[in-house]
Amino acid sequence: MKNRNLVNKINRYSIIFPIMVTIIGIVASAFFITYQKNLLEKIGTNALKQAELKVQEEKLKALVEHTMDTTTLLQQQNYKNILQKLKTIYKNKQNYIFVYKLNYPLNESIKHNKFATMLMNINRPDLLGKSISLNYKDIKNKEFRKEMLQKIIKNDEAFVTYYYKNPLTNKIDKKLSYFKYYKPLNIIIASGSYLNELDKIIKNYNNQIISVTKNFVTIFIVVASFLLIIVIFVYKIITKLISQEIQKYQKTIKKETNKVKHQLYFDGLTNLENRKLLVDKINRNIFSNLILIDIDDFKNINQFYSAEIGDIYLQKFARLLKEFKKAQTAAISIFRIGSDEFVLGIRHSNCIKTAQIAKNLNLFIENKTIEINNDNFDISVTIVFSKTPNLLKKVLIALSIAKEEHISLCSYDDIKDNSKDKEYFEMRKLIKTAIEKNQITPYAQAIVNKDGEIIKYELLMRIVTEDKVIPPYFLDYAKKAKLYNELSRQMISKCFKFIEKTDILCSINLDLEDIKNEETIKELEFYVNKVKKPVVFEILEYASMTDYAIFGKFVEKFRKKGVLFAIDDFGSGFSNYKEVILLKPDYVKIDGSLIKDITKNKDNLLLVYSIVSLVSTLNIKTTAEFVENKEIYNKLKSIGVDEFQGYHFAKPTPLEELK
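Per chain, residues are indexed from 1 in the order of the written sequence. For this predicted model, a pLDDT threshold of at least 70 governs which residues receive local features, and a threshold of 80 or more governs which side-chain atom pairs are given and counted, while totals over whole chains, interfaces and linings are taken from all residues. Only hydrogens and water are removed before side-chain values are computed, so all heavy atoms of the structure are retained for them.

1. A word on the overall build of the protein chain
- Under the DSSP-based scheme used, a helix requires at least four consecutive residues in state H or I and a strand at least two consecutive residues in state E, with every element numbered from the N terminus. Tallying secondary structure elements over the protein chain gives 23 helices and 24 strands in all.
- For every residue, the accessible area (1.4 Å probe, protein chains only) is compared with the maximum for its type, and the residue is labelled buried under 20%, exposed over 50%, or partly exposed between those bounds. Counting over 659 residues, the protein chain shows a buried share of 44%.
- Whether two residues are in contact is decided by their heavy atoms: any pair within 4.5 Å suffices. Partitioning the contacts of the protein chain with sequence separation of at least 6, the portion at a separation of at least 24 is 62%.
- For the protein chain, the accessible surface area stands at approximately 36500 Å², while carbon and sulfur atoms represent 52% of it. Accessible areas in this description were obtained via Shrake-Rupley with a 1.4 Å probe; residue shielding takes into account the shown protein chains only.

Put into structure tokens, the structure is as follows:
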């Protein structure tokens, strides 16, 4: 009986033990499989989400930078043409581009709710021309536009995520947008991507993991009743398969990343490396010398034959450069850095070798033509080259000078000692900095009557930096650099702020550039209407005589508003008494070159006397400049000069120091 009971126990335990082992094995294995599945799902999901977001960011940035390049090429045109060009490029709604025009300077935009106007929106044409609200909030109460503007003010670009209505699905989706500020046009170019596709990718990925896991758990449960070791083996198989799935996604992400990188660093038209990659390689000191090739008058091809012909021309020109590269022994890389500008980056070279390569290239191109649709186009180029450091900066400076001097082949070293060009670039930089830092400052110089009493001030332009005050010899440089109008309007604004506060008559200097500029005339009209008090416009004599019709119309317009006029530097060599009689200014300011030695030079005395005699009969007052001592002052009074200005009475003085 005892043995039978023992057998029964053994039989019972022989059944219970494998069942218990199987159950424990199943439960334990199921727990570890579920844990591993959740762990892989979490790690994989996060990795995919971060990688896919990176791909989305790179795509948006590449799209906006491509748009920026297109806008830069068109910056001489108006907004309408730029937007038409962009609409043509991005007619496919998958390339989602929108453009804001800032209503204020960038740093001031954060203070205004209606900070911008929608210039273009590929998916939402109904928003064109609408004001953009800074305080607008998404469905989760996030002021995403304010966040965007704060980032742009700091870095000129911004990535922002928010919830927005998808015009393609009509649903609220999470959106990632990239914004880039373009200062020359005061616009923000942006592109956005709805992340619902990212969620689909992650969901499909998780579904695949769940599907694979379920299949192998089922296999394991069947096999686990026989042997626990099989569960471990199946567990390893599951892990391996899940790992393979992740590797597949990683390969896809890598492929997309490489595609985006190619878009970022290669020119889409010629497939050459672009400016961005050139700058990167220069920063890594890969090149010892650069050769810059600029196609002369390329804009004429686009203008007279169409942009399509121009694109074919550029592609064939790029092939010629590749053909030239094959014939050279030097290590050369080819870049397209602008519409019609190409660069050869030379490794391990010196000035002599680079000069020879540039000469060879010039000869190679000289005998070539480009055939398009049975038409042969000649090739004319300007070639410049330079060595480290500041490679790109040097060749661009050399190109500018070569174009101006009509030189087809030159080195930066050939022109770097040109003091005039060096002075021009330094002055242009100084003027731009002064405009940006608001350093344009009016100084006042007193004008007195015959009794020595101050009757008015002439407001003179100065650039005031932290360590010096610069007189206006920079004006000619400003005109050459096309900065004069901006500089002049800043001066006019500050002058009228002073005029508004003072009771004494003031005069400001205007040039022909001011009289011809519509924006400047509008500002003058605005300030004259605002201050509602007499003010004197001093016009240089050469400006008034150069284009009498324009000047006469200008005088007539502002004289009706109570403005007084003075002809400045009269008698400096261009005097035309007939024009003075016709214009009938209120004042004639006699040029200082005639005044400063009037006590010693009888010819000058006679000339000044004739000017005073003539204009006094027309009831025009005379003002003498450069009155530097009492002797000159007494002589001028004796011949009937009405007003006097010079160091004998006062030097130009900062406005805040005036009594």
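2. Quick word on the pattern of salt bridges
- A carboxyl oxygen of Asp or Glu within 4 Å of a side-chain nitrogen of Lys or Arg is what we treat as a salt bridge. Using the criterion set out here, one finds 17 salt bridges in the structure.
- In this structure, Lys 151 engages Glu 147 in a salt bridge whose closest nitrogen and oxygen atoms are separated by 3.0 Å. Of the two residues, Lys 151 and Glu 147 both sit in helix H4 (residues 144–155), four residues apart, roughly one turn of that helix.
- A single salt-bridge network, built from bridges that share partners, covers Glu 458, Glu 538, Lys 589 and Glu 625.

3. As for the packing of helix H15 (residues 484–501) against helix H17 (residues 518–531)
- Note on geometry: axes are lines fitted to C-alpha atoms, helical ones only across the stretch in contact, with angles between N-to-C directions running from 0 to 180 degrees. One way to put it is that H15 packs onto H17 with a least axis distance of 10 Å and a crossing angle of 5 degrees. Classed by the angle they form, the pair H15 and H17 counts as roughly parallel. Residues Asn 485, Arg 489, Ile 492, Ser 493, Phe 496 and Glu 500 of H15 lie in contact with H17, whose contacting residues are Glu 519, Thr 520, Glu 523, Leu 524, Tyr 527, Val 528, Lys 530 and Val 531.
- In this count, Pro and Cys sit with the nonpolar residues alongside Ala, Val, Leu, Ile, Met, Phe, Trp and Tyr, while Asp, Glu, Lys and Arg are called charged and the others, Gly among them, polar. In terms of residue class, the contact of H15 with H17 is built from six nonpolar, three polar and five charged. Our angle categories are set so that under 35 degrees counts as roughly parallel, over 145 as roughly antiparallel, 65 to 115 as roughly perpendicular, and the remainder as oblique.

4. A few points about the nonpolar core
- Here, the term nonpolar core denotes a set of buried Ala, Val, Leu, Ile, Met, Phe, Trp, Tyr and Cys residues that are joined through side-chain atoms within 4.5 Å. The biggest cluster of nonpolar side chains holds 71 residues, and the ones touching the most others in it are Leu 459, Phe 496, Phe 537, Phe 554 and Leu 636.
- At eight residues, H15 tops the list of elements feeding residues into this core.
- Listed in part, the 32 residues of the second largest apolar core include Ile 293, Leu 321, Ile 365 and Phe 377.

5. With respect to unusual backbone geometry
- Even without being a glycine, Ser 306 presents a positive backbone phi close to 105 degrees.
- Phi at Asn 373 is positive, roughly 50 degrees, even though this residue is not glycine.
- Its location among the elements puts Asn 373 in the loop between strand E11 (369–372) and strand E12 (375–378).

6. Overview of empty space enclosed by the protein
- Here a cavity denotes grid points, spaced 1 Å and computed from the protein atoms alone, that fit a 1.4 Å probe unable to get out, and a pocket denotes an open set having protein on both sides within 12 Å along at least 5 of 7 lines; residues with an atom within 4 Å of a point are the lining. Grid points are joined across faces, edges and corners, and a volume is the space filled by probe spheres set on the points. Taken as a whole and judged by the stated rule, the model has three cavities of 30 Å³ or more.
- Its boundaries defined by the atoms lining it, the largest cavity holds a volume of some 130 Å³.
- Every residue lining the largest cavity is counted, 16 residues in all, and those nearest its centre are Tyr 96, Tyr 100, Asn 121, Tyr 164 and Lys 175.
- At the level of secondary structure, the elements contributing two or more residues to the lining of the largest cavity comprise strand E1 (97–102), strand E2 (114–121), H4, strand E4 (157–166) and strand E5 (171–182).

7. Considerations on the sheet that holds strand E6 (residues 187–194)
- Here, any two strands with at least 2 DSSP bridges between them count as paired. The strand order E3-E2-E1-E6-E5-E4 describes an open sheet built from six strands, whose pairing is antiparallel. Edge positions in the open sheet fall to strand E3 (131–133) and E4, since each of these has one partner strand only. Taking each pair of neighbouring strands and ignoring which way they run, the sheet shows an average axis angle of 35 degrees.
- Here E1 pairs with E2 via five bridges, running antiparallel.

8. Looking at the side chain of Asp 138
- Turning to its location among the elements, Asp 138 is positioned in the loop between E3 and H4.
- No salt bridge is formed by the buried Asp 138; the nearest opposite charge belongs to Lys 142, separated by 6.1 Å.
- A distance of 3.0 Å separates the side chain of Asp 138 from the backbone nitrogen of Tyr 163, its partner in a polar contact.
- When neighbours within four sequence positions are excluded, Asp 138 is seen to be in contact with Phe 144, Tyr 162 and Tyr 163. We count Lys and Arg on the positive side and Asp and Glu on the negative side, and we leave His and both chain ends out. For this analysis, a polar contact is any N or O atom pair within 3.5 Å, provided that within protein one partner can donate a hydrogen and the other can accept it, and provided that sequence-adjacent residues contribute only side-chain to side-chain pairs.

9. Description of the layout of surface pockets
- Approximately 970 Å³ is the volume found for the second largest pocket.
- Contributing to the lining of the second largest pocket are 36 residues, with Glu 458, Leu 460, Pro 472, Asn 509 and Asp 568 lying nearest its centre.
- Taken together, the elements giving at least two residues each to the lining of the second largest pocket come down to strand E16 (454–464), helix H14 (475–480), H15, strand E18 (505–510), strand E20 (564–570) and helix H21 (592–595).
- Counted by class, the lining of the second largest pocket contains 17 nonpolar, seven polar and twelve charged residues.

10. Here's the deal with the packing of helix H8 (residues 298–305) against helix H9 (residues 307–326)
- Taken N-terminus to C-terminus, the directions of H8 and H9 make an angle of 140 degrees; their axes are 6 Å apart at the nearest point. When the axis of H8 is compared with that of H9, the two are oblique. Packed against H8, whose contacting residues are Phe 298, Ile 301, Asn 302 and Tyr 305, the element H9 presents Ala 307, Ile 309, Gly 310, Tyr 313 and Leu 314 at the interface.

11. Structural notes on the packing of aromatic side chains
- Stacked, tilted and edge-to-face are the three classes applied to pairs of Phe, Tyr and Trp rings, where Trp contributes its six-membered ring and a pair requires centres within 6.5 Å; stacked means planes under 30 degrees apart, edge-to-face means over 60, and tilted covers the rest. Applying the stated rule across the entire model yields 26 aromatic pairs.
- Ring centres of Phe 324 and Phe 364 lie 5.6 Å apart, and the angle between their planes is 50 degrees; this geometry places the pair in the tilted category. A residue pair is termed long-range when its members are at least 10 positions apart, and Phe 324 in helix H9 and Phe 364 in helix H10 (residues 351–366) qualify at 40 residues. Note on accessibility: Phe 324 and Phe 364 belong to one class, buried.
- A centroid spacing of 4.8 Å and a plane angle of 45 degrees characterise the contact between Phe 554 and Phe 558, whose relative ring orientation is tilted. Taken together, the residues Phe 554 and Phe 558, both in helix H19 (residues 548–559) and four residues apart, mark about one turn of the helix.

12. Side note on helix H23 (residues 630–638)
- For H23, every residue scored as buried is listed here: Ile 632, Tyr 633 and Leu 636. The buried side chains of H23 occupy one side of the element, clustering within an arc of 100 degrees when seen end-on. Residues of H23 that are exposed and point over 90 degrees away from its buried face: Lys 630, Glu 631 and Ser 638.
- As for H23, its buried residues are in contact with H21, helix H22 (602–617), strand E22 (621–624) and strand E23 (643–644).
- At the N-terminal end of H23, a side-chain oxygen is found 3.2 Å from the backbone nitrogen of Glu 631, two or three residues along, and the residue is Asn 629.
- Remark: Gly 640 follows H23 within two positions and exhibits a positive phi of approximately 100 degrees. When we speak of the arc, we mean the arc of directions from the helix axis to the C-beta atoms.

13. Let's talk about a positive patch on the surface
- A contiguous patch of positive charge, built from Arg 319, Lys 322, Lys 325, Lys 326 and Arg 347, is present on the exposed surface.
- Mapped onto the fold, Lys 326 is located in helix H9. Only residues whose relative accessible area exceeds 30% and that form no salt bridge enter a patch; like-charged residues are grouped when within 9 Å of one another, and nonpolar side chains (Val, Leu, Ile, Met, Phe, Trp, Tyr) when within 5 Å. The atom standing in for a charge is NZ when the residue is Lys, CZ when it is Arg, CG when it is Asp and CD when it is Glu.

14. Remarks on the side chain of Asn 186
- Within the secondary structure, Asn 186 is located in the loop between E5 and E6.
- Judged by its relative accessible area of 17%, Asn 186 is buried.
- A polar contact of 2.8 Å, which involves the side chain of Asn 186, links it to the side chain of Tyr 181.
- Ignoring anything within four residues of it in the chain, the contact list for Asn 186 reads Tyr 100, Lys 101, Leu 102, Tyr 104, Leu 106 and Tyr 181.

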